[in-house]
Amino acid sequence: MQRIAVALLLFTFAARADDARIEALLRQMTLEEKLGQLSQYVPDQPEMKPALEKGLVGSVLGAVDAKRVNELQRAALAGSRLKIPLLPGHDVIHGHRTIFPIPLAIASSWDVDAAELSARIAAREARASGIRWTFAPMVDIARDPRWGRIAEGAGEDPHLGSAMAAAYVRGFQGEGLLACAKHFAAYGGAEGGRDYARADMSEATLREVYLPPFQAAVDAGVASLMSAFNTVGNVPATANAHLMRDILRGEWGFKGFVVSDWAAVAELMNHGIAATKKEAATKALAAGVDMAMTDATFMELDTSPLVDEAVRRVLRAKFAAGVFDDPFADESRVLPLARAEARRIAQRSIVLLKNEGSLLPLAKSKKIAVTGPLAASKANMLGPWASEGKPEETVSVIEGLRAAGANIVPEEEAEIIVAVVGETREQSGEAASRASIELPPFEVRKPTVMVVLSGRPLAMAWAAERVPAIVQAWFLGTEGGNAIADVLFGDVNPSGKLPVTFPRVTGQVPVYHAQLPTGRPANPESKWTSKYLDVAIEPLFPFGHGLSYTTFAYANLKVDGLTVSADVRNSGKREGDEVVQLYVRDVVASVSRPVKELKGFRRVALRPGETKRVTFTLTPRDLAFWTEKGWVTEPGKFQVWVGTLMSELEVTSPPAADRR
Ligand code: NOJ
């Protein structure tokens, strides 16, 4: 908190001095020069070269090596009458040269320091390549694994998602790389899990579920946001003044700038709310977009105070990124890959879903066969958005197992099979929605450890029945194979927990832990209750699930006002980390409240026999919900769960109204 306060203070002083320079520039700029600042292009786009020569490019996206970025920057400065540098941006999503686990995997670590560290390293590497702005973190809550972009975010939960969002912003910006929280907003609420599709929801769901990670990013000082492709209600996010003006700037006090997603301004015509590029640009600007990505629509705008406002914001970001005073990157700077950190973060991101008869960990002397389509794959390990990560520098599962000293034999001779299955990187990420997320079954002939590489929860009910050990490894990045070997052989005790619910079959989707109750809770004895005829109502693996090679026991749950504490003990024989989770339920409220909501978590390292007391302090806001009057916390009883324990908490008098 203090660090953030100091950073904000320094930022404010610097910003004042820059403001004078910005106003001086604005006074000299022509309308065309202003609109150029609000336009972003990719280097190989036809509009780019002539615009650059006339000094009419605000930002480039996707130039990724220092030499190329410097060339573009030189051209921009030569073309710009007022010597305004470019802001070079790129999708540095989960690493730049060193690739870390996909964000959904890092969320499985429930380790905010790991998330922050991955962003710091990514930022250093990106800066060395001349990049000053990343289009990350992606903070979209996603409750539908048909949607391929679930890979890029922190999963289904706003509390975990907010913690991760803030950590990434601190990490990127702490190393001088501007961050961009995206996609504002509710992009993850895509109907049917179809990418770019509408999101239609109540204001309460928008506020309680989809917006909190954005607000967390804003509170952490994020420099920019990206407006989403989708409609929210019936209004495209990129023309949505309620989102960008009322909430983002009005309520949250955001001072940074908003870039549209790729051609999202021009796409307002496809959405059917603008007839021409000019009309689309005018609507986007009016709603709060400051820069148009790739579609050159903002070049059509007329003079207006809104244009000046947007230019101010963009120039301010350029000062914050340091491009005015230090426009070029050092081309000789080469950073070594951060393999040790990538491996450690990958180890923490792995979730042990099932381990019947303690099949895992494996003794290295055991004769194992390594099968499955993804066993030797390096490229897939990098995941759908791997920036400058190189397959040849990436450790596959089989390489990781070999390096760890595995006794690998042909299948016929093996005692144990390690089957590496899942989906390819192309089946995950943007424009990779799947109508069926079933993991294809295979024949299980010997004791099998199934390692799943994927960017989404896959439906694997058959495997949960027939395969004794299941390891959810996601896409783990450069050091993935080594981290998987570390866990399979027990050099590392798995500690990841699911940040998203795993359905039994696709048809259960959407299924998530914070569901509202129904008037007819599922009852297998009664037909007239909320359930399916053909499949159980419960998910295959719930949110927060994850096994360890040791066991943990909870005791002494105590509730004192809004403070909740409990003992957690390592009751097994190996060192291990437990992710202690706190859930609440508002028992009786004026509106229906979720049956369970995550409100706190703590990762605790415990030696065998060791006990630690974990304390959570809730705030009234943690217990609040959105109404027409804003956020309210109603007095009354709340159920509280920590680990396996449950108790009650009472809010006695209405707590002070909380703006947020
Ligand atoms: C479109 C994607 O939706 C967005 O996340 C990304 O940052 C931009 N393309 C730029 O590559």
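Criteria and thresholds
- Residues numbered from 1 in each chain as written.
- Predicted model: local features only at pLDDT ≥ 70, side-chain atom pairs only at ≥ 80, totals over all residues.
- Heavy atoms only, no water.
- Helix = DSSP H or I, 4+ residues; strand = E, 2+ residues; numbered from the N terminus.
- Rg over C-alpha atoms; globule rule 2.2 N^0.38 Å.
- Buried < 20%, exposed > 50% of the residue type's maximum accessible area, 1.4 Å probe, protein only.
- Contact = heavy atoms within 4.5 Å.
- Areas by Shrake-Rupley, 256 points an atom, 1.4 Å probe, with all protein chains shown as cover.
- Lys, Arg positive; Asp, Glu negative; His and termini not counted.
- Charge placed at Lys NZ, Arg CZ, Asp CG, Glu CD.
- Pairing = 2+ DSSP bridges.
- Phe/Tyr/Trp six-rings, centres within 6.5 Å; stacked < 30°, edge-to-face > 60°.
- Core = buried A, V, L, I, M, F, W, Y, C linked by side-chain atoms within 4.5 Å.
- Expected span 1.5 Å × (residues − 1).
- Polar contact = N/O pair within 3.5 Å; in protein donor to acceptor, adjacent residues only side chain to side chain.
- Axes fitted to C-alpha atoms, helices over the stretch in contact; angles between N-to-C directions.
- Parallel < 35°, antiparallel > 145°, perpendicular 65-115°, else oblique.
- Left-handed = near helix turned anticlockwise from the far one by under 90°.
- Nonpolar A, V, L, I, M, F, W, Y, C, P; charged D, E, K, R; others polar.
- Near = heavy atom within 4 Å.

*Asks:* Before we move on, could you go through the overall build of the protein chain and cite the residues and values that matter?
*Replies:* The helix and strand inventory of the protein chain stands at 16 helices and 25 strands. The C-alpha atoms of the protein chain give 25 Å as radius of gyration, which agrees with the globular expectation for 660 residues (26 Å, within 12%). Considering only C-alpha atoms, the protein chain reaches an extent of 75 × 60 × 45 Å along its principal axes. With 660 residues in all, the protein chain has 59% of them scored as buried. Contacts in the protein chain between residues far apart in sequence, at least 24 positions, make up 76% of those at least 6 positions apart. As presented, the protein chain carries roughly 25300 Å² of accessible surface, and 53% of it is formed by carbon and sulfur atoms. Mean positive and mean negative side-chain charge positions of the protein chain (76 and 78 charges, respectively) differ by 2 Å.

*Asks:* Provide a residue-level description of the pairing of strand E16 (residues 469–472), including the pertinent values.
*Replies:* Covered by surrounding structure in E16 are Ala469 and Val471 together with Ile470 and Gln472, the residues of both alternating faces. With 4 bridges connecting them, strand E11 (residues 351–355) and E16 associate as antiparallel partners. Considered in E16, the bridge of Lys354 is made with Ile470. Sheet topology note: the strand E15 (residues 448–453)/E16 ladder contains 4 bridges and is parallel.

*Asks:* Give me the lowdown on the packing of aromatic side chains, citing residues and values where you can.
*Replies:* Under the definition given, this model contains 15 aromatic pairs. A centroid spacing of 5.0 Å and a plane angle of 50° characterise the contact between Trp133 and Phe257, whose relative ring orientation is tilted. You can see Trp133 sitting in strand E4 (residues 133–134) and its partner Phe257 sitting in strand E9 (residues 257–260), a full 124 residues away along the chain. Considered together, Trp133 and Phe257 belong to a single accessibility category, that of buried residues.

*Asks:* An account of the nonpolar core is needed here, citing residue identities and associated values.
*Replies:* Generally speaking, soluble globular proteins have nonpolar side chains that are buried together. Judged by nonpolar contacts, the single largest core of 180 residues is most densely connected at Val449 and Met460. Every residue in contact with Val449, bar those within four places of it in the chain, is listed here: Leu359, Leu360, Leu362, Ile416, Ile417, Val418, Ala419, Ala469, Val471 and Leu488. Judged by nonpolar contacts, the second largest core, of 20 residues, contains Phe552, Leu557, Val564 and Val642.

*Asks:* Hey, could you go over helix H12 (residues 305–321) for me, with residue numbers and the actual values?
*Replies:* Taking 1.5 Å of rise per residue, 17 residues should cover 24 Å, and H12 covers 24 Å from first to last C-alpha, within 8% of that figure. Listed as buried for H12 are Val307, Ala310, Val311, Arg312, Arg313, Val314, Leu315, Ala317, Lys318, Phe319 and Ala321. The N-cap of H12, judged by a side-chain oxygen 3.0 Å from the amide nitrogen of Leu306 a few residues on, is Ser304. Positive phi appears at Gly322, one or two residues downstream of H12, with a value of about 85°.

*Asks:* Can you break down the packing of helix H6 (residues 112–128) against helix H13 (residues 339–349) residue by residue, with the values?
*Replies:* Two quantities define a packed helix pair, namely the angle between the axes and the distance from one axis to the other. Orientation of H6 relative to H13, taken along the N-to-C sense of each, is 150°, at an axis distance of 11 Å. Here H6 is positioned roughly antiparallel relative to H13, judged by the angle of their axes. The hand of the H6/H13 crossing is left-handed. Every residue of H13 that contacts H6 at Ala114, Leu117, Ser118 and Ile121 is listed here: Glu341, Arg344 and Ile345. A per-class count over the contact of H6 with H13 returns 4 nonpolar, 1 polar and 2 charged.

*Asks:* Give me unusual backbone geometry: which residues, what numbers.
*Replies:* Note the cis peptide between Lys182 and His183, where omega equals 0°. The topology assignment puts His183 in strand E5 (residues 180–184). In this model, Val509 is joined to Pro510 through a cis peptide bond whose omega is 0°. The backbone of Ser358 sits at a positive phi, close to 45°, despite the residue not being glycine. Tracing the backbone shows Ser358 in the loop between E11 and strand E12 (367–371).

*Asks:* So what about the site of the ligand? Which residues, and what values?
*Replies:* What surrounds the ligand is a group of 13 residues, the closest being Asp91, Arg149, Lys182, His183 and Asp261. Between Arg149 and the ligand, the recorded distance is 2.6 Å, taken from a side-chain N or O atom to an oxygen atom. One nitrogen or oxygen atom from the side chain of Asp261 is found 2.5 Å from an oxygen atom belonging to the ligand. Here the ligand loses 94% of its free accessible area of 300 Å² to cover by the protein chains. A per-class count over the shell around the ligand returns 7 nonpolar, 1 polar and 5 charged.

Note that all results are geometric; they support no functional claim without further evidence.
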